[in-house]
Amino acid sequence: QVQLVESGGGLVQLGGSLRLSCAASGRIFRIYTMGWYRQAPGKQRELVATISSTNSTNYADSVKGRFTISRDNAKNTVYLQMNSLEPMDTAVYYCNADIQTRRTMARLNYWGQGTQVTVSS
């Protein structure tokens, strides 16, 4: 019913910046909260940041002051601007969205396929 596609990941040096994008498409009626999560090999998936439909944001303590989440409702897209990157930020980053669909009117959480972010020192 809905697909989330992430882009913008890659290899960056310590202290560098990356901007991740996640575009939602499909039978979308309304998108509520959107967020970014990350998972390093052998580690649990953790919340990075969320943004509500009213632009209220929430960040993990580890990224506060360095990362900024934003959204463009006209494009059904959420962004994650990552600055001052550290090796500990290395992970697969996943987009998540709470979406109500037109066809079924069901409200479900959807996940993107993930994009790799690698920070080298």
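Right above here is the structure, for reference.
Residues numbered from 1 in each chain as written. Predicted model: local features only at pLDDT ≥ 70, side-chain atom pairs only at ≥ 80, totals over all residues. Heavy atoms only, no water.

Q: Could you clarify how one ought to interpret the nonpolar core in this entry?
A: Considering soluble globular proteins, one finds that nonpolar side chains tend to be buried as a cluster. In terms of nonpolar packing, the biggest core is built from 31 residues, with Leu-4, Trp-36, Leu-80, Met-82, Tyr-93 and Ile-99 touching the most fellow members. Broken down by secondary-structure element, the contributors of at least two residues to this core are strand S1 (2-7), strand S3 (18-26), strand S4 (28-39), strand S5 (46-51), strand S7 (67-72), strand S8 (77-82), strand S9 (91-101) and strand S11 (115-120). The element contributing the most residues to this core is S9, with 5 residues. Excluding residues within four positions of it along the chain, Tyr-93 makes contact with Glu-6, Leu-20, Trp-36, Tyr-37, Arg-38, Val-48, Phe-67, Leu-80, Met-82, Gly-114, Thr-115 and Val-117. (Core = buried A, V, L, I, M, F, W, Y, C linked by side-chain atoms within 4.5 Å. Buried < 20%, exposed > 50% of the residue type's maximum accessible area, 1.4 Å probe, protein only. Helix = DSSP H or I, 4+ residues; strand = E, 2+ residues; numbered from the N terminus. Contact = heavy atoms within 4.5 Å.)

Q: What am I meant to see in the environment of Thr-101 here?
A: Turning to its location among the elements, Thr-101 is positioned in strand S9. A residue is classified by how much of its surface remains accessible, and Thr-101, at 1% relative accessible area, is buried. Separated by 59 residues in the primary sequence, Thr-101 and Gly-42 have C-alpha atoms spaced 34 Å apart. With sequence-adjacent residues up to four places away left out, Thr-101 is seen in contact with Gln-1, Val-2, Arg-27, Phe-29, Ala-106 and Tyr-110. Separated by 2.8 Å, the side chains of Thr-101 and Thr-104 make a polar contact. (Polar contact = N/O pair within 3.5 Å; in protein donor to acceptor, adjacent residues only side chain to side chain.)

Q: Whenever I open this one, the sheet that holds S8 confuses me. Can you help?
A: What holds strands together in a sheet is hydrogen bonding between their backbones, with the strands either parallel or antiparallel. Strand order in this open sheet of 4 strands is S1-S3-S8-S7, and the pairing throughout is antiparallel. Looking at the sheet topology across the chains shown, the edges are occupied by S1 and S7. Adjacent strand axes in the sheet meet at a mean angle of 15 degrees, parallel and antiparallel pairs treated alike. The sheet contact formed by S1 and S3 spans 6 bridges and is antiparallel. When the sheet's bridge partners are listed, Val-5 is paired in S3 with Ala-23. (Pairing = 2+ DSSP bridges. Axes fitted to C-alpha atoms, helices over the stretch in contact; angles between N-to-C directions.)

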